[in-house]
Amino acid sequence: MGDGYLTSALPDNFALIVRGSQCDKKAVNSQRPVNLDLRTIKLPITGVTSFLHRVSGIILFFGIAVLLYGLDKSLASAEGFAEVKECLTSPLAKFVIWGLLSALLYHLVAGVRHLIMDMGIGETLEGGKLGSKIVLVVSTIVIVLLGVWIW
Amino acid sequence: MVTNVTNFSRSGLYDWMAQRVSAVVLAAYVLFLLGFVIASPGLGYAEWHALFSNNAMRIFSLLTLVALSVHAWVGMWTISTDYLTPMAIGKWATVVRFLFQAACGVAMFAFFVWGVQIFWGN
């Protein structure tokens, strides 16, 4: 408890690790080492979606500053609002906003999946793989639609 | 039970719950704001300013800021305790991790104060 592995954005390979250690307890040699080095575990699809969830979270952490800056300017005055609107017509600004909102939408979709899994749905290995595929498909669709809306 | 002094609530279970509750608030705010912007093509300053001057919206925004601080802390803490470890970066890991977490905390606090200024000052 109180360890990073147990909270939240739990690496989906966690179940495998736990299962491994339970097996170890039953095994003859209870001293068998358990590999908790995340860098050496090849990511399955569930790991990929989990990793993307983390990466999108970090992007958002920094992206908040950009979004707050834009919000501040747009609310401060009519001129500021016009300036932000004008800025958002440039391809670079559109790309940055698309990137940030893509991270946000992916994080949202993957987060909703976590909540669904918290209800006990899709917790098996097969369910986890299917859930990851659904997250990738749904977020891709939403991100493409967002791009269409922005351009 | 192992206690940890840097996580949000001294307990993984409470952190887990705080992360979920804050996530729901953040999701509601994002979907509402995105829906509002998509449903208002040719959005003008008056309409935009009126939305954020509304008291209900101010409360919703402030609630979202609090949720954001909690959510970001739990998330960055989780990531830092997973990757900034002695196994990954050597014997200075604890110092590096602590400094990273401190920087995240300062950044979140700055975002929070800035957000309050934006939502209640404009």
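No experiment lies behind these values; they were computed from the predicted model shown.

## Focus on the overall build of chain A
Scanning chain A for helices and strands turns up five helices and zero strands. Sequence-ordered secondary structure for chain A, helices as α and strands as β, is α-α-α-α-α. Among the 151 residues that make up chain A, the fraction classed as buried is 24%. The contacts in chain A between residues at least 6 apart in sequence include a share of 67% that link residues at least 24 apart.

## Some details on the packing of helix α3 (residues 55-83) of chain B against helix α5 (residues 93-121) of chain B
Residue and element names in this part refer to chain B. Two elements in contact, α3 and α5, have axes whose closest approach is 10 Å; the angle formed by their N-to-C orientations is 170°. When the axis of α3 is compared with that of α5, the two are roughly antiparallel. In this structure, α3 contributes Arg58, Ser61, Leu62, Leu65, Ser69, Ala72, Trp73, Met76, Trp77, Ser80 and Thr81 to the contact, and α5 contributes Arg97, Phe100, Gln101, Cys104, Gly105, Met108, Phe112, Gly115, Val116, Phe119 and Trp120. Tallied by class, residues from the contact of α3 with α5 come to 13 nonpolar, seven polar and two charged.

## Examining the environment of Cys104(B)
All names here are of chain B. Here Cys104 lies in helix α5. Residue classification places Cys104 among the partly exposed positions, given that 18 C-beta atoms sit within 10 Å. With residues near it in sequence (within four places) discarded, Cys104 still touches Trp73 and Met76.

## Looking at the interface of chain A and chain B
With 30 residues of chain A at the contact, the number on the chain B side is 36 residues. Those elements giving two or more residues to the side of chain A that touches chain B turn out to be α2 (45-76), α3 (78-87) and α4 (91-118) of chain A. Here the side of chain A that touches chain B gets 11 residues from one element, more than from any other, and that element is α2(A). Here the side of chain A that touches chain B is built from residues that sort into 17 nonpolar, seven polar and six charged.

## A few points about the environment of Arg58(B)
Here Arg58(B) shows up in helix α3. With 13 residues separating them in the primary sequence, Arg58(B) and His71(B) have C-alpha atoms 19 Å apart.

## Remarks on α2(A)
Along its 32 residues, α2(A) runs 45 Å from first to last C-alpha, staying within 8% of the 46 Å computed at 1.5 Å per residue. Phe62(A) marks the point of greatest bend in α2(A), at about 40°. Packed against the buried residues of α2(A) are α3, α4 and α5 (125-150) of chain A together with α2 (45-53), α3 and α5 of chain B.

## So, the packing of α2(A) against α4(A)
When two helices pack together, their arrangement is given by the angle between the helix axes and the distance between those axes. All names here are of chain A. Orientation of α2 relative to α4, taken along the N-to-C sense of each, is 135°, at an axis distance of 8 Å. Taken together, the axis directions place α2 and α4 in an arrangement best described as oblique. Crossing handedness for the pair α2 and α4: left-handed. Contact residues: α2 offers Thr49, Leu52, His53, Ser56, Gly57, Ile59, Leu60, Gly63, Val66 and Leu67, while α4 offers Leu100, Ala103, Leu104, Tyr106, His107 and Ala110. Class assignment of the residues belonging to the contact of α2 with α4 gives a composition of 10 nonpolar, six polar and no charged.

## Thoughts on the environment of Leu68(A)
With respect to the helices and strands, Leu68(A) occurs in helix α2. Residue class for Leu68(A) comes out partly exposed when judged on the 17 C-beta atoms lying within 10 Å of it. For Leu68(A), the residues in contact, after removing those within four places along its chain, are Phe111(B), Trp114(B), Gly115(B) and Ile118(B).

## With respect to helix α1 (residues 12-39) of chain B
Taking 1.5 Å of rise per residue, the 28 residues of α1(B) would be expected to cover 40 Å, and the 40 Å separating its terminal C-alpha atoms lies within 8% of that figure. Among all positions in α1(B), only Gly12(B), Asp15(B), Ala18(B), Gln19(B), Ser22(B), Ala23(B) and Leu26(B) are buried. Against the buried residues of α1(B) lie α4 of chain A together with α3 of chain B.

## Looking at the confidence of the model for chain A
Residue and element names in this part refer to chain A. The pLDDT averaged across chain A works out to 84; a share of 79% of its residues lies at or above 70. Long-range and interchain partners of residues 1-9, a stretch whose pLDDT sits below 50, account for 38 contacts in this model, where long-range means more than four residues apart. Confidence drops under a pLDDT of 50 for residues 15-27, and excluding neighbours within four residues, the segment shows nine contacts in the predicted structure.

Criteria and thresholds
- Residues numbered from 1 in each chain as written.
- Chains lettered and ligands numbered in written order.
- Predicted model: local features only at pLDDT ≥ 70, side-chain atom pairs only at ≥ 80, totals over all residues.
- Helix = DSSP H or I, 4+ residues; strand = E, 2+ residues; numbered from the N terminus.
- Buried ≥ 20, exposed ≤ 12 C-beta atoms within 10 Å, placed from the backbone.
- Contact = placed C-beta atoms within 7 Å.
- Axes fitted to C-alpha atoms, helices over the stretch in contact; angles between N-to-C directions.
- Parallel < 35°, antiparallel > 145°, perpendicular 65-115°, else oblique.
- Nonpolar A, V, L, I, M, F, W, Y, C, P; charged D, E, K, R; others polar.
- Expected span 1.5 Å × (residues − 1).
- Bend = angle between axes of the 7 residues up to and from the residue.
- Left-handed = near helix turned anticlockwise from the far one by under 90°.
- pLDDT = per-residue confidence, 0-100.

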